[in-house]
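Descriptive analysis of the structure
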Amino acid sequence: MKVRMAYTKKEAARFIAHLDMTRLFQRAFRRAAVEIVYSEGFNPHPKISFGAPLPVGLVGEREYVDIEVMDLRFEHMREAFVRLSSQMPPGIEVLAWQILPERTPKLMALLDTAVYRVEVPIRNTKGQERGVEVRERLSVMNVQTVDHWLAQKGILWERKKEGKVVTLDIRPFIRSISLVGESPAADAEGSSEVELEIVTVLGNAGSVRPTEILGAFGRDEGVAFDLDRARVKRTGVYWMDVKGERRAPDEV
Amino acid sequence: MFREKGELSEKIEGILPRVAKPGRYTGGEWNMMVKDWRSVEGRMVFVFPDVYEVGMSNLALRIIYGLVNADSRFLCERAFAPWPDMEDCMRDEGVPLFALESKRPVASFDVVGFTLQYELSYTNVLNCLSLAGLSLRAENRRGGDPWIIAGGPCACNPEPLAPFVDVFFLGEAEEQLLVLLDILAVGKLEQRAARDEQACRVIRRKTLRRAVEVPGVYVPEFYTHGRGLEEPSGIAERTGVTTLTGQPAPEESDVIPAVAGGAPYVAEGAPELVKKAVVRDFEGAYFPDKPLVPYLEIVHDRGSLEIMRGCGRGCRFCQAGMIYRPVRERSVETLLVQARSMLEATGYDEVSLVSLSSGDYSRINELLRGLMAELEPRKCNVSLPSLRLDSFDVQIAREVQKVRKSGLTFAPEAGTQRLRDVINKNVTDEDLFRVAEEVFREGWQQIKLYYMIGLPTETWEDLEGIVEQVRGVLAAAKRAGRRGARVTVSASSFVPKPHTPFQWEAQDTPETLLEKQAFLRAGLKVMKVKFSYHDVYMSWAEGLLARGDRRLANVLESLAAAGARFDGWTEYFRSEMWREALVEAGVDGDWYTSRVRSEEERLPWDHLDCGVRKEILLRERAKANALVGGQE
Ligand code: SF4
C-alpha cells in the first residue's frame, strides 16, 4: 500500500541534500519496523518518491513523499505513525500520513505550485541619505513595480551550475510576488528587510529558486538584496484544480 | 571570543549556504550524543584530520565517541578538517574550528584528541590546530588551552609530530583512554584555577608525570634528542655492509629521542621503553552498538562488526599486521548480538565484517550462516571487505553472494614466487588461477588484483611476473567461459614502515617508481586491463614522515605556514611545496627515504614498543635476505 507523508525539513536537517532524503527515510522506516517495499530486479531499490526537490539549505514547512509500505492493518496505522515519528532526526517531523487510493497521480505529476516565504535584507547603497533611501527602496517593492516587472515577455537569468553558465527565461516559472512585511533600518548599516511571498511553477520543465527571482528583480529594478543572508522557506507545495484553486497534495 | 554558544552557531549557519555539502558541518546525525557541558568533569573533542566522509567511516571514531560518552564523567564531541571551501569561508568570517555537537570552539575543550590514521594527514593536524586558534608547538600553548593528544596507527612513530602534541597514546584505547582522560581533566581543572602561567607549568609537569604511568602513554617532551644530531653528509661515501637492496649502509646515523644508554635522556619517571596498550578482554571490550548514522553518503556507509583484531600472517611489509598483535577473535554469539542491536539502532541495511583478514576468522562459516539467518529476513547484506586469496574460500563467497554479489579482490602483492617468499606472502600462482577460475564459474564478472611495487629486492623480472599473472587470470576466465570478465589491477608503491622487518630498507625513489609504473602500464595495456596506481611523490612524502624524526617537525611547520592541507588528496598534494619546506628546514629528505639504514642505527621509534620485539624483526629480515618464507 502507498502512503503519502507530510513532513518538515528544518534546523540542521534543512542542510540534508535532497538525494540523501531517500536513505534517511529508508533507515528511519527500518528502525521503526515499518517495512518499505522494494522494486524487483537485479538492483532492488526502495519505492520512495518525492515531488519537487527542496534545494539544500531551505526550510520546508510541509513537504511530501510517497512511500510504498507492506500492508498495515488499519488499527496498526496509528502505532506505526508514532514509532516512525520517534525515529526521525531533529528537524524532520512527520506531520501526517494517509493511505493513497489506487491510481492517485504521483507527486511528481501532481504538483505544479510552490509557495515560498522569503525574508531578505536590502543593503544600504553608499552615498545616499539614509531616510530617503529606505523610503525609496520600499517603494520599489510596491505592487505596481512588481506587476510592471512581471509584465515583461521574458526575464533572462544566468544560472551558474558546476562552473558553467546557462541563460534561461525565468518568467514562465513565476506565478506571483507579493510584499508581506517590511522592517526599515534593522541594523547600524542602515539596511532594511522585506518579507515576500513568492509563488512559483513546479513541473517537468524545471524550476527556479526564489533567490534567482530576486536576483533578477534586483538587477532590473536596482534593489540591492543581500541574497547571501536571505532566509527562505517553502511553506507548501500544491496543485491547481480545474477551478484554478490551490489544493494540498493530501487533498486527493 | 565566542563564549556564547549561539553566536558561533549563527555565524556557521551564515556560511553553510555557500559551501559544498553543508551536511558535513551541521551534526545532528542519528545517534548523535549531546551531553550537558556542565554535567561532566572532562570534555574531549575527537578531531579527525580529514574530511567528514572519510572520518565518519572510521571505526576508531565510532569506538572512542561511544566509549567516552558512555562514561558519565566525560563527554566527547567531533570535529573534522573542513574542506578547503569551508576553511576559506571560516577564515574570512573568523569562525574557528568547532565541534559538530555543541558548535563550541575546539579550543574550549579540555582535551583535543587527534587520530593519526595516515601520515599524509599530518599537515591537516597542524592546519586544524591553527584553525582552532591554538599555537602549534606545545611549548607555546598556555594553561588555559586544551591538552593535545593523538593516537592511532601512526602513533607508533609519532616523532615528526612530537613538538606539537602533549601526549601520544600507543595502542588500543578501550581500557586505558578513560584513565588518561581522568588524569588530564583533573590537570586542566587545576590549571584553570591556577594563579599564573608559572603555576600552570608546574601542574602540567605533574599531570604528565601521572599520565606516563598509564599503559600506552608516551609524553614526547620527556625524551630528548641523542647524539647524531648532525645529519651525516654523503651517504655514498660511507662504507659498510651491503644489504637487501644492494645499497651500502651508513655506519652511523639518525637522530633519535635517545634512550640508548638510558637515563640521561629520559625525564625521571618516564619509561625507557613505552609499551602500547593492549585490550585484554577483546570479547567484552566496548563495542559501539549505537553508531552515528550520517545523512550524506560517507565512504563506508554501513554498520561495522569488528570480528577480529590483529593478523597472524606476518607479511613483512605490513605494519598493521605487526602493530595490532596479538590476534584476538570475538565469539560468534557476541557478534550476532552486536549485529542485531546495531541494525536496530541504525536502520542500516548492510553489515560489514571488519578485521585485517576476515577469512582467517576461525568460525567464519558459522558466523556467516548466523548472520545470514539474522539479516536475510530484514533484507540486509553482509560485506566482507578483506577476503584475500590465500585464505579465500569459494564457499564463503557463495554465502555472501546469496544476498548480494560484491566484487572480489585478491592481493598477491608480488608477481613472482621468489618475491612473494621475500615478503612472506604465501600465495602461489596455482592458488590464484584455481580460485579465479572457480569464482568466474560461480558467476562473478569482476576480479580486482592488488600488487605492490618497489618491494625490497624487486627486479624487472618480478614486474614481468605481475603481467604474466594477470595473463593467467584472464586465461582462467576464458576456461570458465567468461570472456567478458573484467580484471582490474592496482599497484601501490611500497613504503617501508616502522616496526616491520622492512623498517631498515630503502624506498624506491619517485623516478624509479615512475619507470616501474610505465613498464606495467605498457604490459597491461595490450591485455586491455584497467590499471591504477599511486602518485609516486605522495608515496615519497608518506615514507618521509613514516620513518621520520623530530627534525621533520620544522618541515611540517613550514608546510603548514605555506598553506599545505589535504596532502592525502591528489588534487591538493603539491610535491614542490614539500621540497621547498625541506630546503627551508635544511633537511635532506632522501636521507630518510632512500638509504638502507644500518641495523646498529638507533631508529627514531626504538623507544616505542608496539608489540613485536626488534630481535624478531631482525630475524624476519634475515630470512627475507636469505629468500626464505615462513614466520615466527
Ligand atoms: S594478511 Fe594482510 S593484514 Fe595480515 S599481515 Fe598480510 S598484509 Fe598484513
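Residues numbered from 1 in each chain as written. Chains lettered and ligands numbered in written order. Predicted model: local features only at pLDDT ≥ 70, side-chain atom pairs only at ≥ 80, totals over all residues. Heavy atoms only, no water.

**With respect to the overall build of chain B**
From N to C terminus, chain B includes 20 helices and 17 strands. For chain B, with 632 residues in total, the buried portion stands at 61%. Pairs at least 24 apart in sequence give 79% of the contacts found in chain B among residues at least 6 apart. (Helix = DSSP H or I, 4+ residues; strand = E, 2+ residues; numbered from the N terminus. Buried < 20%, exposed > 50% of the residue type's maximum accessible area, 1.4 Å probe, protein only. Contact = heavy atoms within 4.5 Å.)

**A short note on the sheet that holds strand 14 (residues 446-453) of chain B**
As a general point, the strands of a sheet are linked pairwise by backbone hydrogen bonds and lie either parallel or antiparallel. Residue and element names in this part refer to chain B. The strand order 13-14-15-16 describes an open sheet built from four strands, whose pairing is parallel. The two strands at the open ends of the sheet, each matched to only one other strand, are strand 13 (408-413) and strand 16 (530-533). Shown here is a sheet whose adjacent strand axes are inclined to one another by a mean of 20 degrees, direction ignored. One ladder, built from four bridges, connects strand 15 (residues 486-493) with strand 16; its direction is parallel. Bridging across to strand 16, S490 finds its partner in S532. (Pairing = 2+ DSSP bridges. Axes fitted to C-alpha atoms, helices over the stretch in contact; angles between N-to-C directions.)

**What about the site of the ligand?**
Near the ligand there are nine residues, and of these C311, R313, C315, C318 and L356 of chain B occur at the shortest range. Class assignment for the residues of the shell around the ligand results in five nonpolar, one polar and three charged. (Near = heavy atom within 4 Å. Nonpolar A, V, L, I, M, F, W, Y, C, P; charged D, E, K, R; others polar.)

**Let's talk about the interface of chain A and chain B**
Facing the 20 residues of chain A at the interface are 25 residues of chain B. Both sides together, the interface formed by chain A and chain B hides about 1,800 Å², and carbon and sulfur atoms give 54% of it. Its largest share of buried area at the contact with chain B, chain A owes to F15, R27 and R30 of chain A, together 36% of the area lost on that side. Residue D301 of chain B pairs with R27 of chain A through a salt bridge whose shortest N-O separation is 3.2 Å. On the surface where chain A and chain B come into contact, there are seven residue pairs in polar contact (both at pLDDT 80 or more). Here the element with the most residues in the side of chain A that touches chain B is helix 1 (residues 18-31) of chain A; it accounts for seven residues. Of the residues in the side of chain A that touches chain B, the class split is nine nonpolar, three polar and eight charged. (Buried area = accessible area lost by both parts, 1.4 Å probe. Salt bridge = Lys/Arg side-chain N within 4 Å of Asp/Glu carboxyl O. Polar contact = N/O pair within 3.5 Å; in protein donor to acceptor, adjacent residues only side chain to side chain.)

**Regarding empty space enclosed by the protein**
Residues and elements named next belong to chain A. A complete count under the given rule lists seven cavities of 30 Å³ or more for this structure. In this structure, the largest cavity encloses a volume near 90 Å³. In terms of lining residues, the largest cavity is bounded by 14 residues, among which Y7, A52, L54, E63 and R234 are the most central. At the level of secondary structure, the elements contributing two or more residues to the lining of the largest cavity comprise strand 1 (2-9), helix 1, strand 3 (59-68) and strand 10 (231-240). Residue composition of the lining of the largest cavity, by class: nine nonpolar, two polar and three charged. The computed volume of the second largest cavity comes to approximately 70 Å³. Across the lining of the second largest cavity, the residue classes break down as nine nonpolar, no polar and one charged. (1 Å grid on protein atoms, 1.4 Å probe; cavity = no way out; pocket = protein on both sides within 12 Å on 5 of 7 lines; lining within 4 Å. Points joined across faces, edges and corners; volume = space filled by probe spheres on them.)

**A closer look at the pairing of strand 10 of chain A**
All names here are of chain A. One ladder, built from two bridges, connects strand 3 with strand 10; its direction is parallel. Looking at strand 10, one finds that G60 is bridged to R234. In this sheet, strand 11 (residues 246-247) lies alongside strand 10 in antiparallel orientation, the contact comprising two bridges. If you follow M240 over to strand 11, its bridge partner there is R246.

**Here we look at the sheet that holds strand 4 (residues 147-151) of chain B**
Residue and element names in this part refer to chain B. Pairing in this open sheet of six strands is mixed, and the strands run 2-1-3-4-5-6 from one edge to the other. If you trace the sheet from one side to the other, it starts and ends with strand 2 (74-80) and strand 6 (217-218), each paired once. Here four bridges tie strand 1 (residues 42-48) to strand 3 (residues 111-115), and the two strands are oriented parallel to one another. Its bridge partner lying in strand 3, M44 is registered against V111.

**Looking at the pattern of salt bridges**
Residue and element names in this part refer to chain B. Using the criterion set out here, one finds 74 salt bridges over all chains in the structure. The partner of D166 in a salt bridge is R141, and the shortest N-O contact between them spans 3.4 Å. One end of the pair, D166, is in the loop between strand 4 and strand 5 (167-169); the other, R141, is in the loop between helix 5 (122-131) and strand 4, with 25 residues separating them in the sequence. Accessibility expressed as a relative area gives 1% for D166, which makes it buried. Residue classification places R141 among the buried residues on the basis of a relative accessible area of 10%.

**Some thoughts on the confidence of the model for chain B**
All names here are of chain B. Confidence along chain B averages 88 in pLDDT terms, with 88% of residues attaining 70 or more. Throughout residues 227-264 the model reports pLDDT below 50, and contacts reaching past four residues in sequence, or to other chains, amount to 100 contacts. The model gives residues 628-632 a pLDDT under 50, and that stretch makes 22 contacts with residues more than four places away or in other chains. (pLDDT = per-residue confidence, 0-100.)

**Quick look at the packing of aromatic side chains**
All names here are of chain A. In this structure the tally under the stated criterion is 19 aromatic pairs over all chains. Considering the side-chain rings of W149 and F217, the 5.0 Å spacing of their centres and the 85 degrees angle between planes classify their relative orientation as edge-to-face. Of the two residues, W149 is situated in helix 5 (residues 143-150) and F217 in helix 6 (residues 210-221); the sequence distance between them amounts to 68 residues. Looking at W149, the relative accessible area reads 1%, which means it is buried. (Phe/Tyr/Trp six-rings, centres within 6.5 Å; stacked < 30°, edge-to-face > 60°.)

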